[in-house]
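So you can see what is in the structure, the chains are spelled out below.
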Amino acid sequence: MAKVTQISPGAWQISLPFLGEHEIVGSYLLAGENELAIIDPGPGSTLEPLLASIRAAGFDPQEVTHILATHVHLDHAGATGSLVRQLPKAQVYVHSKGTPHLVDTTKVVSSASRIYGDHMHMLWGDIESTPVERLHTLEGGDILKVAGRRLEVHYTPGHAIHHVVFFDAHSGELFVGDVAGVKLPGVDYVRPPTPPPDLDLEAWSDSISLIRSLRPDILYLGHFGAVKEVPQHLGRLREKLSAWGDFILEAMRNGKNEAEIIALVIEKTQPELQRVTRDAHTLQRYEIASNYAMTVQGYMRYWRKKHPARLQAS
Ligand SMILES: [Zn+2]
């Protein structure tokens, strides 16, 4: 079922129904000057609701001219290949480190299949490759003229090595994908989404500083929606990213295995979330947006790869 909300002149927020839940996985739609742009089309499994949402906003999906991907994780850009096949005018814009994964999806599919097994298709739907001639490579510093807007492209690694944000300096709107964390509507809690394999705390911290320096009026998160208290939100994200990292490093130094660390992280951090909500459903929703197992796997890989010396007990 489509769920679409106008957020500003020429901009809409789309909630894609994921695992039966709304307002966890989102896309944005920009319209103007006879152009129609989707920011983060979402997973292949929600392609039909995405198209229905575009129609509900009053547009013909066949008129989509741009697909902008903040990064190529399946919950943000999994539908890209299928979309370009169906939408003849759509051109795809993605960071240079992400383009190979859209052209050849075999690596993405095989690593996701290892993680998700039998649930693969239910979660992610079809993952089709994008023809090279429809792809445009982005780098930080690029300017896109899209749908009557001037969008600055900024390279923001940390969550993913192929992550960019799109900033409309005129309106103050910043489309941040996952680099500004996960915060669900109506819940005053930010969670760092730290999946393997790219997690890089130093790069992420630099990306948070970069986002702050842009002085955006509003952030639009992938998971999910608007954040207006920008410095406070980013401060909390930075604090949590590093605190969870320290906690997991300490557990690794103490010889704990992955399953034990996941249990420890849940024990430590669930109460943080429970302090702001007593609703068990909200806990589940945060788990759908960014689950504990992948959070821990991301940090463990980061410490082993980037700081092996720090794993030695002192
Ligand atoms: Zn992501």
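Everything discussed here concerns the structure shown above.
**Some thoughts on the overall build of the protein**
Looking only at helices and strands, one finds 11 helices and 13 strands in the protein. Radius of gyration (C-alpha) of the protein: 19 Å, near the 20 Å computed for a compact globule of 314 residues. If one aligns the C-alpha atoms of the protein with their principal axes, the spans along those axes are about 60 × 40 × 40 Å. Relative to its 314 residues, the protein shows a buried fraction of 56%. Counting contacts in the protein only where the partners sit at least 6 residues apart, residues at least 24 apart contribute 69% of the total. Taking the 30 positively charged and 36 negatively charged side chains of the protein as two groups, their mean positions are separated by 4 Å.

**Some remarks on the coordination of the zinc ion**
The protein atoms donating to the zinc ion are His71 (NE2), His73 (ND1), His159 (NE2) and Asp178 (OD), with metal-donor distances spanning 2.2 Å. For the zinc ion, the four donor atoms in the first shell make angles of 88 to 172° at the metal, so the coordination geometry reads as irregular. Within one chain, the residues serving as donors to the zinc ion are arranged as H-x1-H-x85-H-x18-D. One end of the pair, His71, is in the loop between β5 (66–68) and α2 (74–77); the other, His159, is in the loop between β9 (149–155) and β10 (164–168), with 88 residues separating them in the sequence.

**Here we look at the sheet that holds strand β4 (residues 35–39)**
An order of β1-β2-β3-β4-β5-β6-β7 is seen for the seven strands of this open sheet, with the pairing classed as mixed. Each of the sheet's edge strands pairs with one partner strand only, and the pair in question is β1 (4–8) and β7 (135–138). Direction aside, the axes of adjacent strands within the sheet are offset by 25° on average. Where strand β2 (residues 11–18) meets strand β3 (residues 21–32), seven bridges bridge the pair, whose relative direction is antiparallel. Its bridge partner being in β3, Ala11 is matched across the sheet by Leu30. Contacts from helix α1 (residues 47–56) reach β1, β2, β3 and β4, with the element oriented near 150° to β2. Packing of helix α10 (residues 280–289) onto the sheet brings it into contact with β2 and β3, and relative to β3 it is tilted by some 55°.

**Quick notes on the packing of aromatic side chains**
On inspection of all chains with the given rule, the structure shows nine aromatic pairs. Between the aromatic rings of Tyr116 and Trp124, the centroid separation amounts to 5.5 Å while the plane-to-plane angle is 70°, which identifies the pairing as edge-to-face.

**Details of α1**
Among all positions of α1, only Leu47, Pro49, Leu50, Leu51, Ser53 and Ile54 are buried. Where α1 is buried, its residues touch β1, β2, β3, β4 and α3 (80–86). Where α1 ends, the next residue or the one after it, Gly58, has phi of about 100°, a positive value.

**With respect to the nonpolar core**
Leu83, Val176, Leu219, Ile248 and Trp303 are the most contacted members of the largest nonpolar core, which totals 80 residues. Dropping the residues within four chain positions of it, Trp303 is found in contact with Leu201, Gly245, Asp246, Ile248, Leu249, Met252, Pro308, Arg310 and Leu311. Grouped together as the second largest cluster of nonpolar side chains are 18 residues, Ala37, Tyr93, Val153 and Phe166 included.

**Side note on the sheet that holds strand β12 (residues 218–221)**
Strand order in this open sheet of six strands is β8-β9-β10-β11-β12-β13, and the pairing throughout is mixed. The two strands at the open ends of the sheet, each matched to only one other strand, are β8 (143–146) and β13 (225–227). Between one strand and the next, the sheet's axes are offset by a mean angle of 30°, whatever the strand orientation. Helix-sheet contacts for helix α7 (residues 201–213) involve β9, β11 (173–177) and β12, and the interaxial angle to β9 is about 155°. Taken strand by strand, helix α8 (residues 230–253) contacts β12 and β13, and its axis lies near 50° from that of β12.

**A short note on the side chain of Glu21**
Structurally, Glu21 can be placed in strand β3. A distance of 2.7 Å separates a polar atom in the side chain of Glu21 from a polar atom in the side chain of His281. Only 2.8 Å separates the side chain of Glu21 from the side chain of Arg285, close enough to count as a polar contact. Not counting the four nearest positions on each side in its chain, Glu21 is found in contact with Leu16, His281, Arg285 and Ile288.

**Some thoughts on the pattern of salt bridges**
Between side chains of opposite charge, a pair can form when the charged atoms approach closely. Enumeration over the complete set of coordinates arrives at 12 salt bridges. Salt bridges linked by common partners bring Arg149, Asp168 and Glu173 together as one network.

**Considering the side chain of His76**
Mapped onto the secondary structure, His76 falls in helix α2. Of the polar contacts made by the side chain of His76, one reaches the side chain of Asp178; its length is 2.9 Å. Sequence-distant contacts of His76, defined by excluding residues within four places in its chain, comprise Asp40, Pro41, Gly42, Thr70, His71, Gly177, Asp178, Gly222 and His223.

Thresholds applied
Residues numbered from 1 in each chain as written. Predicted model: local features only at pLDDT ≥ 70, side-chain atom pairs only at ≥ 80, totals over all residues. Heavy atoms only, no water. Helix = DSSP H or I, 4+ residues; strand = E, 2+ residues; numbered from the N terminus. Rg over C-alpha atoms; globule rule 2.2 N^0.38 Å. Buried < 20%, exposed > 50% of the residue type's maximum accessible area, 1.4 Å probe, protein only. Contact = heavy atoms within 4.5 Å. Lys, Arg positive; Asp, Glu negative; His and termini not counted. Charge placed at Lys NZ, Arg CZ, Asp CG, Glu CD. Donors = N, O, S within 2.8 Å, 3.2 Å for Na, K, Ca; no water. Tetrahedral: all angles 85-135°; square planar, octahedral: opposite > 155°, others 65-115°. Pairing = 2+ DSSP bridges. Axes fitted to C-alpha atoms, helices over the stretch in contact; angles between N-to-C directions. Phe/Tyr/Trp six-rings, centres within 6.5 Å; stacked < 30°, edge-to-face > 60°. Core = buried A, V, L, I, M, F, W, Y, C linked by side-chain atoms within 4.5 Å. Polar contact = N/O pair within 3.5 Å; in protein donor to acceptor, adjacent residues only side chain to side chain. Salt bridge = Lys/Arg side-chain N within 4 Å of Asp/Glu carboxyl O.

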